[in-house]
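Structure assessment
This is what each chain is made of:
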Amino acid sequence: MVNRTVPPAGPGPALGTDAAGEHGRMWGVARATLDGNWAGGHTVPSRTLYPHQWSWDSAFIAIGWAHIRPDRTWSELDSLFRAQWRDGRVPHIVFNPAVAGGAYFPGPGFWSSNTVEGTPPVATSGLVQPPVHALAAWHAYRRVPSEAGRVALRRLYPRLVAQQRYLATCRDVGGAGLASIVHPWESGLDNSPAWDGPMSAVPAEAAVMRAYRRRDTVHADPAHRPTDLDYARYVTMVTAYRAGGYRDDSLADRHPFLVECPLFNAAMGASEVALAGIAEAIGVDPGPHRERAVAITEAVVTRLYDLDTGTFHPRDLRTGRLTPARTVLGLTPLILPGLPARQVETVLAEARSARFGLAARMDRPLPSHDRTATDFEPLRYWRGPSWMNITWLIRLGLLRHGHDRLAAGLRSSMIDLVAAAGCHEYFHPDTGVGLGSPAFSWTAALLLDVLAD
């Protein structure tokens, strides 16, 4: 492992002479995007499809705010963690009561969090998302260290610890030290081919969706979004979880979808590393966090690494098998600083193959799925398109393991995407055309972060 120090952030992008004008323009666009999506205490992902607060969006958005309004970094995270449940879970959606209930499906009435003991006064979902929050808080603080930031870390620390504790205990369904997700939405990669096998075992018919009104297909081309059958299964899984009061006891006996996800668990391990840094900064013993980071890393390698493919795959706890699709999830354990050299080497071989095309000079952006696969779909959400947040995470992993030239290739690719298409939600993995919602917050936030290097 190569230890890397996060570069300090200045008041604007680090620019060469030739790039100064263009990068300055992009800095302004990114800042305007975040300002335009600021909702007074938190930032919406976009003003069109996503009118509430999303969990891992807020983590990535907080990183961007550090470069222009550090106070909003901490407002963003404080706002999210005020909605934390008593058991420690951080819900993946926090609903804004000022927004009409029908503005997003599934809305607060569908989740009915107000009927569950130990939930906050504000309406939320009952699911979680990848726990990148400690990682984001520590990254933002190291970018712009300040006494106000240290105070904020001290305030957030017990909540971040509670989040990790919930995942490590209530969600360790497999008993091997990894957290299980109970819904594809918890992975963040909603309709990834990684979930096709586990999803196929969830009984549902597309006709179920006639009882609901999807809002996503109002704002985006239906050909770019998950199918009605996908959504019918999503609804079935939430309904099953909600019927049990969102409890996590006996999940193995009653829940139709249980998977150990590489990204989710790598984020959990990386957040323990970040919590060790936060603990030191606020005068708390970092040792337990370092120990947990080591244990999670070992479990990720033992449970999710496939010797035959040389990459990581989700484990379906219903079948006990790794899912076969070779998706970008397999590259994300690079964010673990303690990932063994052998796994780093083989994952890099996977990343540099024709499936993903990682290079010091990228010909095309990093796709979310193996572009040589027969089920690769360059327009459909997580079944092919390129996403800024996943690219940012993999770049972070490359830097952590000393692969600076490859990290520079991803940085240039991220900048080029936004320069040509704007701050879109995601991008065509071959042409770079912007897809999904325009003026998307985490794209703007993470652009600011890479421009600042």
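It should be emphasised that the depicted structure is a prediction, and the values quoted were computed from it without experimental measurement.

A word on the side chain of Thr332. Relative to the helices and strands, Thr332 is located in the loop between β7 (321–322) and α13 (341–352). Judged by its relative accessible area of 1%, Thr332 is buried. Polar contacts involving the side chain of Thr332 include one to the main-chain carbonyl oxygen of Leu329, which spans 2.7 Å.

The interhelical angle for the contact between helix α14 (residues 388–400) and helix α15 (residues 404–421), taken along N-to-C directions, is 160 degrees, at an axis separation of 8 Å. Here α14 lies roughly antiparallel to α15, going by the angle between them. α14 and α15 meet at a crossing whose hand is left-handed. Along the contact surface, α14 presents Met388, Thr391, Trp392, Ile394, Arg395, Leu398 and Leu399, while α15 presents Asp404, Leu406, Ala407, Leu410, Arg411, Met414 and Val418. Among the residues forming the contact of α14 with α15, the class breakdown is 10 nonpolar, 1 polar and 3 charged.

Here the focus is the sheet that holds β7. Read from one edge to the other, the open sheet built from 3 strands follows the order β3-β6-β7, with strand pairing classed as antiparallel. Looking at the sheet topology across the chains shown, the edges are occupied by β3 (259–260) and β7. As defined by bridge partners, strand β6 (residues 315–316) adjoins β7 across 2 bridges and the pair is classed as antiparallel. Among the inter-strand pairings, Asp316 is bridged to a residue of β7, identified as Arg321.

A few words on helix α2 (residues 55–65). Counting buried positions along α2 gives 11 out of 11 residues, so the element sits mostly inside the fold. Among the residues of α2, those classed as buried are Ser55, Trp56, Asp57, Ser58, Ala59, Phe60, Ile61, Ala62, Ile63, Gly64 and Trp65.

This paragraph deals with the confidence of the model for the chain. Looking at the chain as a whole, the pLDDT averages 93, with 92% of positions reaching at least 70. The low-confidence segment residues 1–5 (pLDDT under 50) makes 15 contacts with residues lying over four places distant or belonging to another chain. Here residues 14–18 is a poorly scored stretch, pLDDT under 50, and it has 7 contacts once near neighbours within four places are set aside; other chains count.

A word on unusual backbone geometry. Cis geometry marks the peptide bond from Phe105 to Pro106, where omega comes out at -5 degrees. For Pro106, the position within the fold is in the loop between β2 (93–94) and α4 (108–111). Its identity as a non-glycine residue notwithstanding, Tyr381 has a phi of 45 degrees, on the positive side. By the element assignment, Tyr381 lies in the loop between α13 and α14.

What follows deals with the packing of α2 against α14. Axis separation between α2 and α14 bottoms out at 12 Å; the angle between their running directions is 65 degrees. Here α2 runs over α14; the crossing is left-handed. Mapping the contact onto sequence places Trp56, Phe60 and Ile63 in α2 and Asn389, Ile390, Trp392 and Leu393 in α14. Among the residues forming the contact of α2 with α14, the class breakdown is 6 nonpolar, 1 polar and no charged.

What counts, and where the lines are drawn
Residues numbered from 1 in each chain as written. Predicted model: local features only at pLDDT ≥ 70, side-chain atom pairs only at ≥ 80, totals over all residues. Heavy atoms only, no water. Helix = DSSP H or I, 4+ residues; strand = E, 2+ residues; numbered from the N terminus. Buried < 20%, exposed > 50% of the residue type's maximum accessible area, 1.4 Å probe, protein only. Polar contact = N/O pair within 3.5 Å; in protein donor to acceptor, adjacent residues only side chain to side chain. Axes fitted to C-alpha atoms, helices over the stretch in contact; angles between N-to-C directions. Parallel < 35°, antiparallel > 145°, perpendicular 65-115°, else oblique. Left-handed = near helix turned anticlockwise from the far one by under 90°. Contact = heavy atoms within 4.5 Å. Nonpolar A, V, L, I, M, F, W, Y, C, P; charged D, E, K, R; others polar. Pairing = 2+ DSSP bridges. pLDDT = per-residue confidence, 0-100.

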